[in-house]
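Structural features, examined
As a plain string of letters, each chain reads:
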Amino acid sequence: MSRRSRRAAPGPGAVRPTVTVCRGCCCGTPKVAGLDHAAQLRDLRAAVDGTATVRVTDCLDACERANVVVVQPSAAGRKAGGRPVWLGLVNDRDAPADIAAWVESGGPGVTEPPGILDLYAFSPSRRVRAELDE
């Protein structure tokens with residue numbers, strides 16, 4: 001089990017996308033220098049307000065890719081085949097706007113992410129993916 005806190009994940013029927021932001025042992029800490037982590041989270045929440053649910057978790061066990069954000073599809077996105085998209089090294093101050101633009105247009109399964117997000121996308125281990133879905 002990871003060091004992250006166990007919180008209820010949105011079910012597969014979540015009406016809107018969910019953006020999970022890691023703020024654990026590495027993400028959101030001075031270990032990732034040169035970034036105002038509180039501002040990043042605040043900007044992301046403001047940018048997706050009314051479009052997606054933002055939740056914060058302690059650790060997603062992908063510390064080598066801090067800061068980590070996972071965008072989970074809405075019910076419509078899941079029905080269309082969308083799966084959670086893991087974004088790592090989300091350390092650019094423009095990243096919240098890029099993520100928000102994608103989520104506002106529908107997110108995973110509904111629309112393709114903007115090309116800039118391809119720079120952040122990665123596949124976590126099966127164990128880590130399973131823990132997020134628990």
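Residues numbered from 1 in each chain as written. Predicted model: local features only at pLDDT ≥ 70, side-chain atom pairs only at ≥ 80, totals over all residues. Heavy atoms only, no water.

What follows is about the overall build of the protein chain. Looking only at helices and strands, the protein chain features 4 helices and 5 strands. Order of helices (α) and strands (β) in the protein chain, N terminus to C terminus: β-α-β-β-α-β-α-β-α. By residue count, 47% of the 134 residues in the protein chain fall in the buried class. Here the contacts in the protein chain between residues at least 6 apart in sequence split such that 73% fall between residues at least 24 apart. As displayed, the protein chain offers around 6,800 Å² of accessible surface, 52% of which is attributable to carbon and sulfur atoms. (Helix = DSSP H or I, 4+ residues; strand = E, 2+ residues; numbered from the N terminus. Buried < 20%, exposed > 50% of the residue type's maximum accessible area, 1.4 Å probe, protein only. Contact = heavy atoms within 4.5 Å. Areas by Shrake-Rupley, 256 points an atom, 1.4 Å probe, with all protein chains shown as cover.)

This part is about the nonpolar core. Membership of the largest hydrophobic core comes to 19 residues, with the highest contact counts inside it found for V19, V48, V71, L87, V90, I99 and V103. Of all the secondary-structure elements, those providing two or more residues to this core are β1 (18–22), α1 (37–48), β2 (53–57), β3 (69–72) and α3 (95–104). Among the elements that line this core, the one with the most residues is α3, at 5 residues. Those residues within four positions of V19 in sequence are excluded, and the remaining contacts are L44, A52, T53, V54, R55, V69, V70 and V103. (Core = buried A, V, L, I, M, F, W, Y, C linked by side-chain atoms within 4.5 Å.)

What follows covers the packing of α1 against α3. Two numbers describe a pair of packed helices, the interaxial angle and the distance between the axes. For the pair α1 and α3, the least separation of the axes is 9 Å and the interaxial angle reads 25°. Between α1 and α3, the crossing angle belongs to the class labelled roughly parallel. The handedness of the crossing between α1 and α3 is right-handed. Facing α1, whose interface residues are Q40, D43, L44, A47 and V48, α3 presents P96, I99, A100, V103 and E104. For the contact of α1 with α3, a count of residues per class yields 7 nonpolar, 1 polar and 2 charged. (Axes fitted to C-alpha atoms, helices over the stretch in contact; angles between N-to-C directions. Parallel < 35°, antiparallel > 145°, perpendicular 65-115°, else oblique. Left-handed = near helix turned anticlockwise from the far one by under 90°. Nonpolar A, V, L, I, M, F, W, Y, C, P; charged D, E, K, R; others polar.)

What follows concerns the environment of N67. With respect to the helices, strands and loops of the structure, N67 is situated in the loop between β2 and β3. It is 8.1 Å that separates the C-alpha atoms of N67 and V21, two residues lying 46 residues apart in sequence. A distance of 3.2 Å separates polar atoms of two side chains, one belonging to N67 and the other to H37. (Polar contact = N/O pair within 3.5 Å; in protein donor to acceptor, adjacent residues only side chain to side chain.)

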